[in-house]
Amino acid sequence: MAENNSDAFYSKLREQLSATSTWPSNYLYKFIVLSDQEKINSIHKIFDNMGAVIESKKSKNGKYTSISITVNLKNPDQVIEKYREVGAIEGVISL
């Protein structure tokens, strides 16, 4: 995603989160990544020590892993900060 498109996306997301949620709030992240343990561990590390509930499930053939993370965050900026951190990991798809 180009940086300008990314900034526009996150700006719109911030507005939507502010309008639809009361903060602090639980937020559910969903990611899909190749079943590469190093990448999965990198995602887990981003949410370390935050009290996050992380669930992983491999695809039928085991090539991909879906990761669902529920975590309590203070504001929409924290949500976006975590999306940006995970987005820096190559090959991760955010849903």
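Just so it is clear, the model here is predicted, and its values are computed rather than measured.

(A) Broad picture of the packing of aromatic side chains. Under the defined criterion, the tally for this structure stands at seven aromatic pairs. With 5.2 Å between their ring centres and 70° between their planes, Phe-9 and Tyr-10 make a pair best called edge-to-face. On the accessibility criterion, Phe-9 (43% relative accessible area) is partly exposed. Residue classification places Tyr-10 among the buried residues on the basis of a relative accessible area of 11%. Here the aromatic residues Tyr-27, Tyr-29, Phe-31, Phe-47 and Tyr-83 are joined through ring pairs into a cluster of three or more. The cationic tip of Lys-82 hangs over the ring face of Phe-47; the distance from NZ or CZ to the ring centre is 5.8 Å.

(B) Geometry of the sheet that holds strand E1 (residues 25-34). As summarised here, the arrangement of the four strands in space is E2-E3-E1-E4, forming an open sheet in which the pairing is antiparallel. Looking along the sheet, the strands with just one partner apiece sit at the ends: strand E2 (53-58) and strand E4 (93-94). Two elements, E2 and strand E3 (residues 64-73), share six bridges in a ladder whose sense is antiparallel. Within the sheet, the bridge partner assigned to Ser-56 lies in E3 and is Ile-67.

(C) Spotlight on the environment of Asp-36. When you line up the elements, Asp-36 lands in the loop between E1 and helix H2 (37-46). The sequence separation of Asp-36 and Tyr-64 amounts to 28 residues, and the corresponding C-alpha distance is 8.3 Å.

(D) Broad picture of the pattern of salt bridges. Scanning all chains against the criterion turns up three salt bridges. Measuring nitrogen to oxygen at the nearest pair gives 2.5 Å for the salt bridge that ties Asp-77 to Arg-14. Taken together, the residues Asp-77 in helix H3 (residues 76-87) and Arg-14 in helix H1 (residues 3-20) connect sequence positions 63 residues apart. The exposure class assigned to Arg-14 is partly exposed, which follows from its relative accessible area of 34%. Between Glu-85 and Lys-82 there is a salt bridge, with its nearest N and O atoms 3.6 Å apart. Note that Glu-85 and Lys-82 are positioned in helix H3 at a spacing of three residues, about one turn of the helix. For Glu-85, a relative accessible area of 30% translates into the label partly exposed.

Rules of the game
- Residues numbered from 1 in each chain as written.
- Predicted model: local features only at pLDDT ≥ 70, side-chain atom pairs only at ≥ 80, totals over all residues.
- Heavy atoms only, no water.
- Phe/Tyr/Trp six-rings, centres within 6.5 Å; stacked < 30°, edge-to-face > 60°.
- Buried < 20%, exposed > 50% of the residue type's maximum accessible area, 1.4 Å probe, protein only.
- Lys NZ or Arg CZ within 6 Å of the ring centre and 35° of its normal.
- Pairing = 2+ DSSP bridges.
- Helix = DSSP H or I, 4+ residues; strand = E, 2+ residues; numbered from the N terminus.
- Salt bridge = Lys/Arg side-chain N within 4 Å of Asp/Glu carboxyl O.

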